[in-house]
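# Summary of structural features
Listed below are the residues making up each chain.
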Amino acid sequence: MKIDIDITNKHYSNYIKYLMDNDSIDFPSKDVYELNFIKDKVGLKNKNNKSNIFIDFSDKRFSNRVKKINKKNEIFYKIFKKNNSTILDCTAGFGKDSFILSSMGHCVTMIEKNPIVSILLNNALKRFNNTSKFSDDGRLLLFHGDSLDYLYNTDQVFDYAYIDFMFDSSKKTLSSKNLETLKILTEDYNKKKELINLAIHKVRNRVVIKNHIKNDPIYNQKSDYTIYTKLLRYDIYLRKNVR
Ligand SMILES: C[S@@+](CC[C@H](N)C(=O)[O-])C[C@H]1O[C@@H](n2cnc3c(N)ncnc32)[C@H](O)[C@@H]1O
């Protein structure tokens, strides 16, 4: 994978070099991608079609959606009923869901395991807080790492844990350019059930698992309840006490 770093982003180069040397940046067709650091922006470019992927929380399509959020049309109001709650987003990705939740007043801690996705997301958060007339008011926090490790080690008790693993690629209905890129960059996670089980025992309130409506539930125990939309299912598990 080619990485272009300009002079203002020199501090990134050792970190990226370390990741490359240790094979932490590894995904199929990685030679087709370029990670570009240009002044305050980090973009991911597909060399074949020259398209750049940026995460941009100020993008009109995105901010318009956030502006239109209200109790009738936003499914997250039905799911996260407690106001101003603390949420652990165990699978941050490009941060869309976390950003919406923070716009609703929740404090969201995002965990992202993929180094490239983490760099893009970290950069988007910085740009949003530095340049937009809005800011997340400190309600969005990002850590790069595995959320299973994080949950095992944190003393913080979150009201909710939110989990959105990559859907089966045969279900094409939810695709967008960013989602397609996320699919290419990230690998499947093989400790899904362990993560869900730990979360159920560690949250204060409940665990929410997003999935495609056509998929079976990921966890091997029946959810306490499920909320459906046209394309999605949210399997919800109440906290279980440790025996
Ligand atoms: C479908 S995407 C999440 C999309 C996100 N909800 C959004 O709104 O952009 C799944 C992401 O979770 C990450 N992931 C999967 N397992 C993880 C784990 N155990 N810890 C942290 N991140 C994980 C993947 O690298 C991927 O970026």
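For every chain, the first residue of the written sequence is number 1, and numbering continues from 1 onward in sequence order. Where local features are concerned, this predicted model is filtered to residues with pLDDT of at least 70; where side-chain atom pairs are given and counted, the filter is 80 or more; whole-chain, interface and lining totals use all residues. Side-chain measures were taken over the full set of non-hydrogen atoms in the model, leaving aside hydrogen atoms and water.

## Observations concerning the site of the ligand
For this purpose, a residue is taken to be near a molecule or strand whenever a single non-hydrogen atom of the residue falls within 4 Å of it. Residues in close proximity to the ligand total 21 residues, the closest being Asp97, Glu112, Ser147, Asp164 and Tyr189. Take Phe94: an N or O atom from its main chain is 3.1 Å from an oxygen atom of the ligand. Here a polar contact is recorded for every N or O atom pair within 3.5 Å, except that within protein the pair must consist of a potential hydrogen donor and a potential acceptor, and residues adjacent in sequence are included only if both atoms are side-chain atoms. Here Lys96 contributes a backbone N or O atom positioned 3.3 Å from an oxygen atom of the ligand. Under the convention used here, a 1.4 Å probe and the Shrake-Rupley method define accessible areas, while residue burial counts only the protein chains that appear. Contact with the protein chains removes 95% of the 610 Å² of surface that the ligand exposes when unbound. Breaking the shell around the ligand down by element, the ones donating at least two residues are α4 (96-103) and β6 (107-112). Looking at side-chain class alone, the shell around the ligand contains eight nonpolar, seven polar and six charged residues. Strands here are runs of E lasting at least two residues and helices are runs of H or I lasting at least four, both read from the DSSP assignment and numbered beginning at the N terminus. Classification used: nonpolar for Ala, Val, Leu, Ile, Met, Phe, Trp, Tyr, Cys and Pro, charged for Asp, Glu, Lys and Arg, polar for all others including Gly.

## Quick word on the domain arrangement of the protein
Entries for the protein in the domain assignment read domain 1 (1-53) and domain 2 (56-238). Domain limits in this description derive from either an automatic procedure or a database domain assignment. Placing the centre of domain 1 and that of domain 2 at their C-alpha centroids yields a distance of 24 Å. Residue contacts are defined here by distance: any two heavy atoms, one from each residue, within 4.5 Å place the two residues in contact. Tallying the contact residues gives 21 residues for domain 1 and 15 residues for domain 2. Here the quantity called buried area is the accessible surface, traced with a 1.4 Å probe, that two parts lose on coming together, added over both. It is Phe27, Val42 and Ile53 in domain 1 that bury the most area against domain 2; as a group they hold 33% of the surface buried on that side. Criterion for a salt bridge: a side-chain nitrogen of Lys or Arg within 4 Å of a carboxyl oxygen of Asp or Glu. If you look at where domain 1 meets domain 2, you find zero salt bridges.

## A closer look at the nonpolar core
Counting residues in each nonpolar core, the largest one holds 49 residues, and the members touching the most others are Leu35 and Phe76. If you tally residues by element for this core, the top one is helix α5 (residues 115-131), at eight residues. Per-domain counts for this core show at least three residues from each of domain 1 (1-53) and domain 2 (56-238). Residue contacts for Phe76: discarding those within four places in its chain leaves Asp97, Ile100, Leu101, Met104, Tyr162 and Tyr234. We define the nonpolar core as a collection of buried residues of types Ala, Val, Leu, Ile, Met, Phe, Trp, Tyr and Cys that are connected through side-chain atoms lying within 4.5 Å of one another. Remark: exposure states derive from per-residue accessible area (1.4 Å probe, protein chains only) relative to the maximum for the residue type, with buried under 20%, exposed over 50%, and partly exposed in between. Leu151, Phe158, Phe165 and Leu198 belong to the second largest nonpolar core, which has 21 residues in total.

## With respect to the sheet that holds strand β2 (residues 33-38)
The rule for pairing is simple: two strands pair if DSSP sees at least two bridges between them. With respect to topology, four strands assemble into an open sheet ordered β1-β2-β3-β4, the strand pairing being mixed. Each edge of the sheet is formed by a strand with only one pairing partner; in this case those strands are β1 (2-5) and β4 (51-53). Between one strand and the next, the sheet's axes are offset by a mean angle of 25°, whatever the strand orientation. As judged from the six bridges shared by β2 and strand β3 (residues 41-46), these two strands associate in the antiparallel manner. When the sheet's bridge partners are listed, Phe37 is paired in β3 with Val42. Lines are fitted to the C-alpha atoms to define the axes, a helix being fitted only along its stretch in contact, and any angle between axes, read from their N-to-C directions, falls within 0 to 180 degrees. The strands touched by helix α1 (residues 10-21) are β1 and β2; relative to β1, the strand with the most contacts, the crossing angle is about 165°.

## Digging into the state of the cysteines
Put simply, a disulfide is two cysteine sulfurs that come within 2.5 Å. Within the structure shown, the criterion is met by zero disulfides. Between Cys90, a free cysteine, and Cys107, which holds the nearest cysteine sulfur, the sulfur-to-sulfur gap is 16 Å. By relative accessible area, Cys107 is classed as partly exposed at 36%.

## Some points on the packing of α1 against α5
In the contact formed by α1 and α5, the axes pass within 11 Å of each other and the chain directions differ by 160°. When the axis of α1 is compared with that of α5, the two are roughly antiparallel. Every residue of α5 that contacts α1 at Tyr12, Tyr15, Ile16 and Leu19 is listed here: Pro115, Ile119, Asn122 and Lys126. Residues belonging to the contact of α1 with α5 are distributed by class as follows: six nonpolar, one polar and one charged. Here roughly perpendicular refers to angles of 65 to 115 degrees, roughly parallel to angles under 35, roughly antiparallel to angles over 145, and oblique to all remaining angles.

## Section: the pattern of salt bridges
Taken as a whole and assessed by the stated rule, the structure comprises eleven salt bridges. Between Lys82 and Asp159 there is a salt bridge; the shortest N-O distance is 3.3 Å. Here Asp159 lies in the loop between α6 (147-153) and β8 (160-163) and Lys82 lies in the loop between α3 (75-79) and β5 (86-89), a separation of 77 residues in the sequence. Between Asp159 and Arg204 there is a salt bridge; the shortest N-O distance is 2.9 Å. Taken as a pair, Asp159 in the loop between α6 and β8 and Arg204 in the loop between α8 (192-202) and β9 (206-212) lie far apart in primary sequence, 45 residues in all.

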